[in-house]
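Here is what each chain is made of, one letter per residue.
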Amino acid sequence: MIRLERVCYRYEGSGAAVEDLSFEINRGEFAALLGENGAGKSTVAKLIDGLVKPASGTVTVAGLDTRKTKTSELAKRVGFLFQNPDRQICKNTVREELAFGLELRGLDRAAIDERVERTLRDFGFDGERGPFTLSRGERQRLALASIIAAEPEIMILDEPTTGLDYRECMRVMEAVKGLNENGATVLMICHDMEVVLDFARRALVLSKGRLIADGAARRIFRSACAMEKASLSPPQITQLSLRLGAGFEEADTVGELAEAIVKRRRAV
Amino acid sequence: MKGLLEYTEGNTFIHRMNPLVKLLLALCVCAAAFASDSLAFLAALLAIDLALGAAGGVFGKALRLLAGLLKAGLLLFVLQLLFFREGRPLFLFVTDEGALTAAKLALRFIAACMPLALMLGLTRTGDLTNALVKTAHVPYKYAFTLSAAIRFIPLFMSEMEGVMEAQASRGVDFDGGPLKKIRLALPLCVPLLMISVRKIDGSAVAAEARGFNLRGRASGYKDYPLGTADLPAAALCAALVALGIIT
């Protein structure tokens, strides 16, 4: 679904943001892109969305070469949720905001109305409310809702939970999970390892524009070398289970840890 | 135009000049451009702008600035040609006086805008504010307003770029002629305005929290004495204005 082959990209007047990067994400996967600040995560997201074009190598998204395809064309298949929802919101009511992306895709009025009403119901928004009167978390959910309404095949999320409280964070992530369960491919940039553990199945770790680890999120969190190199800290439960050692290798959630402790006590 | 108004690090004599003298020089070039009616003098001012850019180690930036301003200058030139009717007809609706006036107007616009932009690129905003307060005795509130306005220009440009990226990723196609771009960019003023208002509000609260109102003229620790290059620069200012009035 998403394929990067030996991609290089550098910003004007600075070093390489992405260097010789290759990976592939298959249809229906939920992957997280991890790494310290300046590792090149957002650049990778922009490369996939066609917002920046690779200096060398190729980026293929849903069979389309991003170098030869306009971002507006890719937008028919790719949804991109930015960290700051205010950059996306540009209409005067929630209803208009939800309809905007659908109008750009050239859907007919009946289909637009049907999808807008469904999204309003699913997300519990008041369609007549002004988007800028919503709270930060609600605006983030509105930006997400307007993308989900367009039913993208691929969803890219650039730090979707930054600045949100736990409740809003979970509401945003549950909506993304629902989209993924309906078949969409999700690539999420996230600094919250608990969220990554809860939702992503695969993790790709970047450091200085290069891919240093790729695999199941749980396995990556247990790789001290990759985590340290990317200045990341595994979720607390994983850290605890790593300290506990043998018998706790599979314990990455509270439930799994409790189960492992019970097993150990029984064995003793 | 991105990055053209941002400060460029350096240690040239222009970087070391007194910020107020740099501001005065920029304003004098500007005044000379408006005072002069000579095409040759306006062209000379443009050459001086480029020379100042080269002396400040930002010749490439000055050329990019010139290229950006040339586009706006060209628009002014065409508009002037369209509406100026006096003089001997050259071809179609274009008259000799119209062409000369249009060329002067375009050159005047470019020659007047360039020094101010170059001054901003070669002077730290903080130094300009402090010098205005300490040496020119401008109340800090007003000097800060000026520096805040200057600081926000690149921020707004970067936000606008972000807003355009976000809209492009939603399917807005910005490719096309200038009219299409303007039509598509107009609704983007809403998010830009909201982001700007929030940012300015945040900055104002942060400044208050850090004791903005307590700052006085003596608060700045840096002094801005006149250096060796400042006196010749001041003389150049006077000469340019005088030549502008004469020509």
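Cut-off values and rules
Residues numbered from 1 in each chain as written. Chains lettered and ligands numbered in written order. Predicted model: local features only at pLDDT ≥ 70, side-chain atom pairs only at ≥ 80, totals over all residues. Heavy atoms only, no water. 1 Å grid on protein atoms, 1.4 Å probe; cavity = no way out; pocket = protein on both sides within 12 Å on 5 of 7 lines; lining within 4 Å. Points joined across faces, edges and corners; volume = space filled by probe spheres on them. Helix = DSSP H or I, 4+ residues; strand = E, 2+ residues; numbered from the N terminus. Nonpolar A, V, L, I, M, F, W, Y, C, P; charged D, E, K, R; others polar. Domains from an automatic or database assignment. Pairing = 2+ DSSP bridges. Axes fitted to C-alpha atoms, helices over the stretch in contact; angles between N-to-C directions. Contact = heavy atoms within 4.5 Å. Buried area = accessible area lost by both parts, 1.4 Å probe. Salt bridge = Lys/Arg side-chain N within 4 Å of Asp/Glu carboxyl O. Polar contact = N/O pair within 3.5 Å; in protein donor to acceptor, adjacent residues only side chain to side chain. Phe/Tyr/Trp six-rings, centres within 6.5 Å; stacked < 30°, edge-to-face > 60°. Buried < 20%, exposed > 50% of the residue type's maximum accessible area, 1.4 Å probe, protein only.

**Student:** What should I look at first to understand the layout of surface pockets in this one?
**Tutor:** Unoccupied space between atoms shows up once a probe the size of one water molecule is rolled over them. All names here are of chain B. A volume near 450 Å³ is recorded for the second largest pocket. Surrounding the second largest pocket, 18 residues form its lining, Tyr140, Phe144, Arg151, Arg210 and Arg215 being those nearest its centre. Contributing elements (two or more residues each) for the lining of the second largest pocket: α6 (125-134), α7 (140-170) and α9 (189-209). Tallied by class, residues from the lining of the second largest pocket come to six nonpolar, seven polar and five charged. Of the residues that make up the lining of the second largest pocket, three or more belong to each of domain 1 (13-132 + 224-246) and domain 2 (137-219).

**Student:** How should I be thinking about the sheet that holds strand β7 (residues 154-158) of chain A in this particular structure?
**Tutor:** Strands belonging to one sheet form pairs held by backbone hydrogen bonds; the direction of such a pair is parallel or antiparallel. Residue and element names in this part refer to chain A. Strand order in the open sheet made by the six strands is β6-β7-β8-β3-β9-β10, with mixed pairing throughout. Whereas interior strands pair on both sides, the edge strands pair on one side only; in this sheet they are β6 (78-81) and β10 (210-216). Averaged over all adjacent pairs, the angle separating strand axes in this sheet is 15°, with direction ignored. Bridge count for β6 against β7 is four bridges, and the pairing is parallel. By the bridge assignment, leucine 81 is partnered in β7 with leucine 157. Along the sheet face, helix α5 (residues 136-148) touches β6 and β7 and points at about 175° away from the line of β6. Its contacts with the sheet put helix α6 (residues 166-181) on β3 (30-34), β7 and β8 (185-189), and the angle it makes with β3 is roughly 130°.

**Student:** Before we go on, may I ask you to explain the domain arrangement of chain B in this structure?
**Tutor:** Residues and elements named next belong to chain B. Partitioning chain B into structural domains gives domain 1 (13-132 + 224-246) and domain 2 (137-219). With seven residues of domain 1 in contact, the opposing surface of domain 2 contributes ten residues. Interface of domain 1 and domain 2: buried area, both sides summed, is about 680 Å²; carbon and sulfur atoms make up 70% of it. If you look at where domain 1 meets domain 2, you find zero salt bridges. Across the domain 1-domain 2 interface, the total number found is three residue pairs in polar contact (both at pLDDT 80 or more). The element best represented in the side of domain 1 that touches domain 2 is α6, accounting for six residues. Tallied by class, residues from the side of domain 1 that touches domain 2 come to three nonpolar, four polar and no charged.

**Student:** Can you help me understand the domain arrangement of chain A in this one?
**Tutor:** Interfaces are often sized by the accessible area lost when the parts come together. Residues and elements named next belong to chain A. Assigned domains of chain A: these are domain 1 (1-77 + 154-164 + 185-226), domain 2 (82-151) and domain 3 (235-268). One C-alpha centre belongs to domain 1, the other to domain 3, and the line joining them spans 31 Å. Domain 1 puts six residues into the contact, and the matching count from domain 3 is twelve residues. Carbon and sulfur atoms supply 49% of the area buried between domain 1 and domain 3, which totals about 760 Å² over both sides. Counting the surface domain 1 buries against domain 3, the share from its top three residues, Leu197, Arg218 and Arg222, is 72%. Joining domain 1 to domain 3, the criterion identifies three salt bridges. Seen at the junction of domain 1 and domain 3, the total is six residue pairs in polar contact (both at pLDDT 80 or more). When contributions to the side of domain 1 that touches domain 3 are tallied by element, the ones reaching two or more residues are α7 (193-199) and α8 (217-221). Sort the elements by how many residues they give to the side of domain 1 that touches domain 3 and α7 lands first, with three residues. Of the residues in the side of domain 1 that touches domain 3, the class split is three nonpolar, no polar and three charged.

**Student:** Please explain the interface of chain A and chain B as it appears in this structure.
**Tutor:** Of the residues lining the interface, 24 residues belong to chain A; the matching set on chain B comes to 20 residues. Approximately 1900 Å² of surface area, both sides summed, lies buried where chain A meets chain B, with 53% of it carried by carbon and sulfur atoms. Interface area lost by chain A to chain B is led by A:Arg87, A:Cys90 and A:Phe132, which between them contribute 31%. Seen at the junction of chain A and chain B, the total is five salt bridges. One salt bridge in this structure joins A:Lys46 and B:Glu165, with 3.1 Å as the shortest N-O distance.

**Student:** Any chance you could explain the packing of aromatic side chains here in plain terms?
**Tutor:** Each aromatic ring pair is specified by the distance between its two centres and by the angle formed by the two planes. Taken as a whole, this structure holds seven aromatic pairs over all chains when the rule is applied. Ring centres of A:Phe123 and A:Phe125 lie 6.1 Å apart, and the angle between their planes is 5°; on these two criteria the pair is classed as stacked. With relative accessibility at 10%, the residue A:Phe123 sits in the buried group. Assessed through its relative accessible area of 11%, A:Phe125 is described here as buried. Seen in terms of ring centroids, B:Tyr140 and B:Phe144 are 5.8 Å apart; in terms of plane orientation they differ by 40°. Their pairing is tilted. Linking B:Tyr140 with B:Phe144, this pair stays in helix α7, spanning four residues, or about one helical turn. Judged by its relative accessible area of 15%, B:Tyr140 is buried. Taken together, the aromatic side chains of B:Tyr140, B:Phe144 and B:Phe212 make up a single cluster linked through ring pairs.

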